[in-house]
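So the chains spell out like this:
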Amino acid sequence: MKISDTIKLFFFMLICVVSLANLTAQQSENRFKVNGKIIDSRTKKAIKRIPINVLPFNREINTDNKGNFLFNMPKGNYSFVIDYYPFEKKEVSLNLLSDTTLVIELHTTPGINYLEEVEVISSKPATEKPAGIELIEGRQLRTMPALIGERDILKAFALTSGVTSSSEGAADMQVRGGLHGQNLYLLDGIPLYSTEHFFGLVSVYNPTIIKTAQLYKSDFPAEYGGKISSIINVQTEEANLIKFKGEAEISLLSSKLALNIPIVKEKLAITIAGRISNYSIVNIVSPLLPKSSETRFSFHFGDINANLLWKLSETDKLKLTFLSNTDGIVLQGKGMYPTEIEKYWIKNYQQNVGLNWNKSISINAENQLLVFTDYYGYDFGNSKQDVTKNQNQILQILTGINSIGLVEKFNFNISDKFILNFGASIKSYGFSPYQFNLNDSDVNAIKTTDLTRINEGVVFVENKFQIAKQNNLTLGLRLSMIGNQDKIYTNIEPRIGYHGIFDNDYSISTSIGRMTQPVHRVANSGLGIPFEMFFPSDTALLPESSWNFSLGGAKDFAWNNRKFSLKVDAWYKTLENIMEFQDGYDAFYTTILEPQSSVLKETKKYLTQGNGKAYGFDLSAKYNSRNLKLTIDHTLMKAECQFDQLNNGRPFAAPTDIRNSLTLTSEIKLSESWMFSATWQYNSGKPMTIPTYIFKNPPRFNTTFEVRDYTGSVFQQVVTERNNYRSKPFHKLDVSFNHNYKTRKKHLDATVSLGIYNVYNNANPYIYYIDSALNADGTYSPVLKSMSLFPILPSFSLMLKF
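Calculation notes
- All residue numbers refer to positions counted from 1 along the written sequence of the respective chain.
- With the structure being a predicted model, the display of local features is reserved for residues of pLDDT at least 70 and the display and counting of side-chain atom pairs for 80 or more, all residues being used for whole-chain, interface and lining totals.
- For side-chain calculations, the full set of non-hydrogen atoms in the structure is used, while hydrogens and water are omitted.
- Secondary structure follows DSSP: runs of H or I at least 4 residues long count as helices, runs of E at least 2 residues long count as strands, and numbering of each begins at the N terminus.
- For this analysis, a polar contact is any N or O atom pair within 3.5 Å, provided that within protein one partner can donate a hydrogen and the other can accept it, and provided that sequence-adjacent residues contribute only side-chain to side-chain pairs.
- Here, two residues are considered to be in contact whenever any of their heavy atoms come within 4.5 Å of each other.
- Only Phe, Tyr and Trp rings are paired, with Trp represented by its six-membered ring, and only when their centres lie within 6.5 Å; those with planes under 30 degrees apart are stacked, over 60 edge-to-face, the remainder tilted.
- Under the scheme applied here, a residue whose accessible area is under 20% of the maximum for its type counts as buried, over 50% as exposed, and between as partly exposed, the area being computed with a 1.4 Å probe on protein chains only.
- Over a ring means this: the NZ of a Lys or the CZ of an Arg is within 6 Å of the ring centre and within 35 degrees of the ring normal.
- Note on pairing: DSSP must find at least two bridges between two strands before they are called paired.
- Axis geometry follows a simple rule: fit a line to the C-alpha atoms, using only the stretch in contact for helices, then measure angles between N-to-C directions, giving values from 0 to 180 degrees.
- Residues form patches when they are more than 30% accessible in relative terms and have no salt bridge. Like charges link within 9 Å. Nonpolar side chains (Val, Leu, Ile, Met, Phe, Trp, Tyr) link within 5 Å.
- Here the accessible surface of atoms and residues is derived via Shrake-Rupley with a 1.4 Å probe, and residues count as covered only by protein chains that are part of the display.
- Between Lys or Arg on one side and Asp or Glu on the other, a salt bridge is scored when a side-chain nitrogen of the former is within 4 Å of a carboxyl oxygen of the latter.

(A) Just the side chain of threonine 160, in detail. Within the secondary structure, threonine 160 sits in the loop between helix H2 (153-157) and strand S9 (163-164). One polar contact links the side chain of threonine 160 to the main-chain carbonyl oxygen of phenylalanine 157, over a distance of 2.5 Å. In this structure, threonine 160 is in contact with Glu134, Leu215, Lys217 and Asp633, ignoring residues within four places of it in sequence.

(B) Looking closely at the packing of aromatic side chains. Taken as a whole and judged by the stated rule, the model has 22 aromatic pairs. Look at phenylalanine 676 and phenylalanine 737: their rings are 4.9 Å apart centre to centre, the planes differ by 50°, and that puts the pair in the tilted class. With phenylalanine 676 in strand S38 (residues 674-683) and phenylalanine 737 in strand S44 (residues 730-743), this pair connects stretches of sequence that are 61 residues apart. Note on phenylalanine 676: relative accessible area 18%, which makes it buried. Residue classification places phenylalanine 737 among the partly exposed residues on the basis of a relative accessible area of 36%. Through a chain of ring-to-ring contacts, three or more aromatic side chains come together here, namely Trp547, Phe549, Tyr572 and Tyr615. Here the basic side chain of lysine 487 rests over the ring of tyrosine 489, its NZ or CZ set 5.2 Å away from the ring centre. The ring of phenylalanine 557 has lysine 555 lying over it, and the distance from NZ or CZ to the ring centre is 5.2 Å.

(C) Representation of the sheet that holds strand S3 (residues 59-62) within the structure. Pairing is antiparallel in the open sheet, where four strands are placed in the order S3-S2-S5-S6. Each edge of the sheet is formed by a strand with only one pairing partner; in this case those strands are S3 and strand S6 (90-96). Neighbour to neighbour, the strand axes of the sheet diverge by 25° on average, direction disregarded. Across four bridges, the pairing between strand S2 (residues 51-55) and S3 is antiparallel. Bridged to asparagine 53 within S3 is glutamate 60.

(D) Quick look at a nonpolar patch on the surface. There is a patch of nonpolar side chains on the surface, built from Ile272, Ile304, Leu320, Phe322, Val353, Leu355, Val371, Leu406 and Ile426 and spanning about 690 Å² of accessible area. Elements with a minimum of two residues in the nonpolar patch: strand S21 (316-334) and strand S22 (340-362). Within the element layout of this structure, leucine 355 appears in strand S22. Residue leucine 355 is classed as partly exposed on the basis of its relative accessible area of 39%.

(E) Expanded view of the pattern of salt bridges. All chains considered together, the criterion is met by 23 salt bridges. Among the salt bridges present, the one from arginine 176 reaches aspartate 569, with a minimum N-O distance of 2.7 Å. Taken together, the positions of arginine 176 in the loop between strand S10 (174-175) and strand S11 (183-187) and aspartate 569 in strand S33 (residues 562-581) put the pair 393 residues apart, joining distant regions of the chain. In terms of burial, arginine 176 and aspartate 569 fall into one category: buried.

(F) Here's a closer look at the pairing of strand S24 (residues 391-415). Where strand S23 (residues 365-386) lies against S24, 22 bridges are found, and the strand directions are antiparallel. Bridge pairing in S24 places glutamine 368 opposite lysine 409. Between the antiparallel neighbours S23 and S24 lie four residues, among them asparagine 390 with a positive phi of about 55°. As defined by bridge partners, S24 adjoins strand S25 (residues 418-439) across 20 bridges and the pair is classed as antiparallel. The partner of serine 415 across the bridge, within S25, is phenylalanine 418.

(G) Region of the structure containing the pairing of strand S35 (residues 628-642). As defined by bridge partners, strand S34 (residues 607-624) adjoins S35 across 14 bridges and the pair is classed as antiparallel. From the neighbouring strand, glycine 616 faces S35, where its bridge partner is methionine 637. The turn linking S34 back onto S35 is made up of three residues. Of the strand pairs in this sheet, S35 and strand S37 (residues 660-669) are connected by nine bridges, and their pairing is antiparallel. Bridge pairing in S37 places lysine 629 opposite glutamate 667. Direction of pairing for S35 relative to strand S36 (residues 652-653): antiparallel, over a ladder of two bridges. Within the sheet, the bridge partner assigned to glutamate 640 lies in S36 and is alanine 653.

(H) View of the environment of asparagine 35. Topologically, asparagine 35 is positioned in strand S1 (residues 31-40). For asparagine 35, a relative accessible area of 8% gives the class buried. Taking C-alpha positions, asparagine 35 is 8.8 Å from valine 103, a pair spaced 68 residues apart along the chain. Leave out the neighbours within four places in its chain, and asparagine 35 touches Phe69, Leu70, Thr100, Thr101, Leu102 and Ile363. In this structure the side chain of asparagine 35 is engaged in a polar contact, spanning 3.0 Å, whose partner is the side chain of threonine 101.

(I) Looking closely at the side chain of serine 251. Examined against the element boundaries, serine 251 turns out to sit in strand S17 (residues 245-251). At 3.2 Å, the side chain of serine 251 forms a polar contact with the side chain of glutamate 150.

Written out as structure tokens, the structure reads:
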């Protein structure tokens, strides 16, 4: 589409929005707005989700999460009745003659205080949100079984329908047939380019500071874009301006500490959360090893999250956020010669800083301005030093990406039936897909002068209409232009969503949305060396794109203090210009086998683009009673790809084509302080490529990467089809016991978690390889073997809150 056509389409939509707003205003000439806030008279803080009964209509509405409410009513006499324990009943009378703003203070009964931060963790109605949206609160992570005691938000999402991990233990996500690199990962509105710690075992999201995490599998808001599969929006805890509090946790894998420190009461506060691997102790012990030891090694991962909150006024807040995470492993020992010292290292690091200005323009209008910068880098290297000749040889591979951006968003509640959101953003990227360093003196950092730069501009608008009671229609449009002087791409992304709640507690939701992805990620997936490369869309590589369709429904049942909910969602996704390596290449060996100029300029030599599709059916069922919670999540799906230059142009199963995935979870309250939880997972086999034919050649000189039998004969492998085999099904059972200690007098609470990962010790294959098997006649034949990484493992964590 031409740029002029894009501009015309945008202005046409803008005119429609303004016209609709004017029409709404004209229809409301004899109606007036009543907006306001409900606060606690003792703390002066807003009270969220308080029911208000409006007489004589006998209509009830709840305040939002900020204690605000909004009515649109004809002139007349009304009464607002608030009867909510532990507050005293209050009735406010109003003769409505014009737009009115109210601030209502509620008083508690003498001797009783309202503890706003104490909430019961209960199951929310399945009908509350569209079927393709999942919400997990930070406190829910504490009851989930964990690998080596490390709870992780991405692994929690992987338990929901439509989501799987690339391999056992991996802290990544494959959503509805999409790859890990096709998900938009956000932390306080800032995108993350890498989500992996500990070489894929743990994500960079520190659980001690997570407030909420929301996953959009469909029904994507117009403000988000840049990826084609899903959106994961994680918000951290906002600093508490009044009281000091903290949390400490130790597990078998890491130690964590989070502190909230008020600096100026009710004005300025800071929250800091840090995490470090317990295996960093190796860095201290290694130098103490005896000199006879030929090997020195160090290993660590860690991260720091911080946010500084400054309340400028009742309407203005500034929030400064910071994230820094690192991974590293260093191995040093004697080389091939007695005088040679050899050293290997892998380093993975990421940082971002953001400043968010949140301004309440009025009771029904809000503005958010975000300025941020981020950086991700990867460093793999090897050095050899001859101590007698003072000679040094360094080989280093570097890859990375950085960006700087500004995002401006506005939210207007034009009426209780019409909400308007719109905004714009600008962003500049710097790409270093591959830099190679070979010298005899220095270890280098990424050279900023060698970066490939592109710029992006985005505008979006979204309108939410209440077309009937509890029936909402959302219309959105996102326009983006990205590129540089060589090539500019214009992307148009319409978004349409409907969510309706009906009598008898059931709902229907449907959505259509287009997504585009101008930044390509290619990587070796799963656990192992986390080598990933980022490429911009240019004259050779087209932006990836997708159309996402979904139709779902939900039903809630309630009887005798028991609740049961059922949610289903049918979905279909098309994928265009998706990326894959040409035959014979992957993310790591491309950088070794190809010269730097080829990797940067001749991407078509080792990368190719094609199309794909995925479709399936998600089902989720939940049962809740006083002491028992059960959940079932199941997905039936199919995903396939087609590349002109791969598999002779024939379609083949996508790497994410896991036909059946099933998760069963349970939480049993054994007593007021003891909780038992269990999770059973099953995934059918995933596609993989194995040799179609294997021939046996006579012995000859050794060549790297060849597979041999024990006589020295070489197995010549011939592959004629991609993803022609499926791995064995994956399944395991995890259990945990959580014990809470309440010590209110000392202002200290403790939680001990003991668990077992992979209870029945199932050997789930992680790696497949070709090996030799001895036949009865003394000859050898090639066989396919597998290796497992995670047997039955203990899990332990101790958490203190103070």
